[in-house]
Number of protein chains: 2
Amino acid sequence: MYTISKAAEITGVSAHTLRYYEKIGLLPAPDRNAGRIREYTDKDIHFITFLHSLKNTGMSLEDISEFVKDGCILTKINEGENVTPSLSRRIEILSKHLTKMEQQRRELDQIISLTQEKLSFYQATLHESKDGDHDEA
Amino acid sequence: MYTISKAAEITGVSAHTLRYYEKIGLLPAPDRNAGRIREYTDKDIHFITFLHSLKNTGMSLEDISEFVKDGCILTKINEGENVTPSLSRRIEILSKHLTKMEQQRRELDQIISLTQEKLSFYQATLHESKDGDHDEA
DNA sequence: CCTTGACTTAGAGTTAACTCTAAGTCTTAG
DNA sequence: CTAAGACTTAGAGTTAACTCTAAGTCAAGG
C-alpha cells in the first residue's frame, strides 16, 4: 500500500497528475484508508506504470482513455458488470490500436537501426583516429 | 520535385507546419524554383517522413532538434563544413537517444503483447459464442 | 486579366496536458 | 499542540506544438 506521494515517486507520475488522471476518469479511484486517504496497491502502481508507457510511446490521453476503457485492457472484465461494450466492438478497438502500435514499432525499429549504424560508424572513426587525427573541436 | 502542398500531402505534415519547422530550424531550407518557390526533393520528403516518425514515437521537437542537429543523423556530415560537434559529443548524444528509444521499444513491445493476448482471448470467446450466447449488447 | 497557389512577416488563437494556487479541512506523529 | 502530509473545489497559468489570420506580393495558366 502506497500513499499518493509514494506512488508518484515509484511511477514517475506526480501526485498532482495522479489526482488529475483520476478526475478525468483515466485512472480508477483507488481505495481510501478510513475513507479518506488514497491507498495505491501494487496493482494500481502497475496500471499507472502501464499508462505511463502508453504516454511515453506517444499516445494521447484521449486515445489511452478509449484504449483502457472500451478495450478494458488490464481492467476487470469478468466480474459481472454490465458496463463492457460488445465483444465485437472491443475487438474492433483493440485491433485498431494494435495496427497503430505495430506501425509505430516498425518506425521505431527503423530509427533505432539507423542510429545504431551511425553510432558504429562514429565509433569506428574514433578508433581509427587514435593514431592520426584528433577528436575535440 | 514537389511543391509544398504536394510534400504536405505525401508526408502528412501540413504546408503550414512545414514552413513552421523550417522557421524553427528543424528542417533545412529546400531549394527554390527561380529563388521563389520551395522545391522538395525525394531526399527532403524522406527526411520529413523521418522526422514525422520521430514525432509519432513520442519525441518532442526539442529532442528531435538535438537529435538531428548534433547527431547529424541523415544530414550531410562529410562535406567539409566545420559545424559538426566533436565525434565524442555526437557519440554521447546518439547513445543517449538510443538508450531512450530502446526503453521505449521494450515498453511498446510489452503493450503490443498484452493487446495481442487480450485480442486472441476476445476472438476465442467470439468463436465459442457462435452456438450459445449472443454478442451485441 | 484574373484566379490560383505560391510566398512574406507578425502576431493571435487553439488544444492538450499538465501544473500550480488559493483557501480551506482533517488526522496522526512528535 | 503544531507541523506535515493527506484531502477538497475551483479556477488560473504554463508549455509545446501547432494553426490560423491578416494583409499584402508575385508569377504562371486558362
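Residues numbered from 1 in each chain as written. Chains lettered and ligands numbered in written order. Predicted model: local features only at pLDDT ≥ 70, side-chain atom pairs only at ≥ 80, totals over all residues. Heavy atoms only, no water.

### Topic: the protein's contact with DNA strand D
The environment of DNA strand D is formed by 16 residues, the closest being Ser5, Arg19 and Arg32 of chain A together with Tyr21 and Leu61 of chain B. What you see for DNA strand D is that sugar and phosphate hold 79% of its atoms within 4 Å of the protein. One nitrogen or oxygen atom from the side chain of Arg32 of chain A is found 2.9 Å from a phosphate oxygen belonging to DNA strand D. Within the side chain of Tyr21 of chain B, an N or O atom sits 2.4 Å from a phosphate oxygen of DNA strand D. Elements represented by at least two residues in the surface near DNA strand D include exactly α1 (4–11) and β2 (37–39) of chain A together with α2 (15–23) of chain B. Residue classes in the surface near DNA strand D are distributed as five nonpolar, five polar and six charged. (Near = heavy atom within 4 Å. Polar contact = N/O pair within 3.5 Å; in protein donor to acceptor, adjacent residues only side chain to side chain. Helix = DSSP H or I, 4+ residues; strand = E, 2+ residues; numbered from the N terminus. Nonpolar A, V, L, I, M, F, W, Y, C, P; charged D, E, K, R; others polar.)

### What about the interface of chain A and chain B?
In this complex, chain A contributes 42 residues to the contact, which on the side of chain B involves 42 residues. Between chain A and chain B the total buried area reaches about 4200 Å² when both faces are included, carbon and sulfur atoms providing 72% of it. For the pair chain A and chain B, the interface holds two salt bridges. Our count for the chain A to chain B interface comes out at six residue pairs in polar contact (both at pLDDT 80 or more). Contributions of two or more residues to the side of chain A that touches chain B are made by α3 (42–56) and α5 (87–128) of chain A. If you tally residues by element for the side of chain A that touches chain B, the top one is α5 of chain A, at 26 residues. The residue inventory of the side of chain A that touches chain B, partitioned by class, reads 21 nonpolar, 13 polar and eight charged. (Contact = heavy atoms within 4.5 Å. Buried area = accessible area lost by both parts, 1.4 Å probe. Salt bridge = Lys/Arg side-chain N within 4 Å of Asp/Glu carboxyl O.)

### With respect to the protein's contact with DNA strand C
In the vicinity of DNA strand C, 16 residues are found, and the nearest of them are Tyr21 and Leu61 of chain A together with Ser5, Arg19 and Arg32 of chain B. Put simply, 79% of the atoms of DNA strand C that lie within 4 Å of the protein are in sugar or phosphate. With respect to DNA strand C, the backbone of Leu61 of chain A contributes an N or O atom lying 2.7 Å from a phosphate oxygen. Within the side chain of Ser5 of chain B, one N or O atom sits 2.2 Å away from a phosphate oxygen of DNA strand C. When residues of the surface near DNA strand C are traced back to their parent elements, those giving at least two are α2 (15–23) of chain A together with α1 (4–11) and β2 (37–39) of chain B. Of the residues forming the surface near DNA strand C, the biggest block, four residues, is contributed by α2 of chain A. Residue composition of the surface near DNA strand C, grouped by class: five nonpolar, five polar and six charged.

### Concerning the packing of aromatic side chains
Following the criterion strictly, the structure yields six aromatic pairs over all chains and no others. On the numbers, 6.0 Å between centres and 40° between planes, the contact of Tyr20 of chain B with Tyr21 of chain B is tilted. On the basis of relative accessibility, which here comes to 44%, the residue Tyr20 of chain B falls in the partly exposed class. What makes Tyr21 of chain B buried here is its relative accessible area of 11%. Over the aromatic face of Tyr122 of chain B sits the side chain of Arg90 of chain A, whose NZ or CZ is 4.9 Å from the ring centroid. (Phe/Tyr/Trp six-rings, centres within 6.5 Å; stacked < 30°, edge-to-face > 60°. Buried < 20%, exposed > 50% of the residue type's maximum accessible area, 1.4 Å probe, protein only. Lys NZ or Arg CZ within 6 Å of the ring centre and 35° of its normal.)

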